[in-house]
Amino acid sequence: MPATLLAIESSCDETSAAVIRDGAVASLVIASQKEHSAWGGVMPELASRSHVRAIAPTITEALSNAGTTPAELSAVAVTTQPGLIGSLLVGVNAAKGMAAALGIPLIGVHHIEAHLLSVLIDTPQAEFPWLSLVVSGGHTLLYVVRAADDFQLLGSTRDDAAGEAFDKGAKMLGLGYPGGPLVDQHARNGNRTAHTFPRGLLSPTTHDFSFSGLKTALRYFLRDRFPDQIPTGQDLADICASYQEAIVETLVEKTIRAAAAHGLRRVSVVGGVSANSRLKQRMEQECNKHGLANYIIKPIHGTDNAAMIGIAGWHKFLAGNFSPLSVTARASTIRADRHGTVRVKG
Ligand code: KG4
Ligand code: ZN
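So, a few notes on the structure that sits alongside this text. Residue numbering note: each chain is counted from 1, following its sequence as written. Going through the entries in the order they are written, you letter the chains from A and number the ligands from 1. Totals for whole chains, interfaces and linings use all residues, but because this is a predicted model, local features are given only for residues with pLDDT of at least 70 and pairs of side-chain atoms are given and counted only at 80 or more. Side-chain calculation: all heavy atoms of the structure are included, whereas hydrogens and water are not.

With respect to the sheet that holds strand β4 (residues 75-81)
The test is simple: The rule for pairing is simple: two strands pair if DSSP sees at least two bridges between them. Helix and strand definitions here come from DSSP, where helices need a minimum of 4 consecutive H or I residues and strands a minimum of 2 consecutive E residues; each element is numbered from the N-terminal end. Structural elements are reduced to axes, namely lines fitted to C-alpha atoms, with helices fitted over the stretch in contact, and the angle between N-to-C directions of any two is expressed from 0 to 180 degrees. Every residue pair with non-hydrogen atoms within 4.5 Å of one another is taken to be in contact.
One open sheet holds the 5 strands; their spatial order is β3-β2-β1-β4-β5, and the pairing between them is mixed. Looking at which strands have only one partner, the edges of the open sheet turn out to be β3 (24-32) and β5 (106-110). Taken over all neighbouring pairs, the strand axes of this sheet differ in orientation by 20° on average, direction set aside. Where strand β2 (residues 14-21) and β3 come together, 8 bridges link them in antiparallel fashion. In the strand pairing of β3, Arg21 is matched with Ala24. Here helix α2 (residues 85-102) sits on the sheet and contacts β1 (4-9), β4 and β5; the angle it forms with β4, its principal contact strand, is near 155°.

Pasting the structure below:
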């Protein structure tokens, strides 16, 4: 069916719009909010205001890059949950306004389901079912993706998300926010076996994750070994490499084990942390060793983006699964940390 979809994502701190034409991504624009770095986490009020400023120009740019106009659109897809309520509402209201004005269907998309289906952007021929590890600043989840509308949750984090473990570790090491990419960068020059940090919940009885013990271990390690100053140079590189290894080893081992437990032959890693170079390397090695297909996504499709909302929306469009104009944004669970910044739990 020839059709053109506009997709909108605004659940956290990225304002993004994409155009999907006949199931393929025709354009993708992501406006990332920089103002949160000074706070060491996402400030909800700043995020909402920034979405309000960015939403119209982002949509206009996505339409223009795809060489299309609002009049040519067949439907509008938008993230309705989970996320920061003030942020979600900006995208949801923009989408509702366009759908009503243009007289086209509205398609509400679940943000996590979109992450799971983001695999189809870079690997359209991906075969169901596959095991998906969702790793971002807010989520650490293991899902079986059985079909475009059939997802089974196997495990999730009991405390911090993997990206949060990277970011909080980076903060203790005096690196900026978000710290994941910086830990990754410093770790490249470091010795992964220089220090041993704990691997949480590695027992085979659960598919859940836990990273808070690791974070505490780093805090005590720094207090004892570097009481007077933050480590620099080779010390910093070795700590980053060892800390990263603890996170990566846990993620990879639990993923491979879950694939075996559920007889799955295909694996994917999605979400912002999927860009981590060591995670990519170790997952590839273990998939090769166990004869598993490894569906890899581009980093731009790992971070929050509207292309994944569009792909998830496309499947709903084909199924005629539309939402009423009365659909509402849902925040799901939000937990504030000590600094008043928040993490969105999916
Ligand atoms: O999916 P995402 O863009 O936003 C959320 O929904 O949270 O993920 C952002 C998270 C941050 O915690 C960031 O530190 C982490 O992904 N991240 C990385 C890397 N790139 C981004 N963590 C480790 N290594 C990376 N290369
Ligand atoms: Zn996300």
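Observations regarding the packing of helix α8 (residues 233-261) against helix α9 (residues 277-290)
For clarity, the cut-off: When describing relative orientation, an angle under 35 degrees is termed roughly parallel and one over 145 degrees roughly antiparallel, while 65 to 115 degrees is termed roughly perpendicular and anything else oblique. Note: crossing handedness is left-handed where the near helix turns anticlockwise from the far helix by less than a right angle, and right-handed where it turns clockwise. We call Asp, Glu, Lys and Arg charged. Ala, Val, Leu, Ile, Met, Phe, Trp, Tyr, Cys and Pro are nonpolar, and the rest, Gly among them, are polar.
Viewed as axis vectors pointing N to C, α8 and α9 meet at an angle of 30°, and their least axial separation amounts to 10 Å. The angle between the axes of α8 and α9 places the two elements in the roughly parallel class. Taken as a pair, α8 and α9 cross one another with a handedness that is right-handed. Across the interface between the two elements, Gln244, Glu245, Val248, Leu251, Val252, Thr255 and Ile256 from α8 touch Arg278, Leu279, Arg282, Met283, Glu286, Cys287 and His290 from α9. For the contact of α8 with α9, a count of residues per class yields 7 nonpolar, 3 polar and 4 charged.

Considerations on the sheet that holds strand β10 (residues 293-295)
Strand order in the open sheet formed by 5 strands is β8-β7-β6-β9-β10, with mixed pairing between adjacent strands. The two strands at the open ends of the sheet, each matched to only one other strand, are β8 (150-156) and β10. Adjacent strand axes in the sheet meet at a mean angle of 25°, parallel and antiparallel pairs treated alike. As paired elements, strand β6 (residues 130-135) and strand β7 (residues 140-147) share 6 bridges and run antiparallel to each other. What sits directly across from Leu133, in β7, is Leu142. Each of β6, β7, β8 and β9 (266-270) touches α8; the most contacted strand, β6, lies at about 155° to it.

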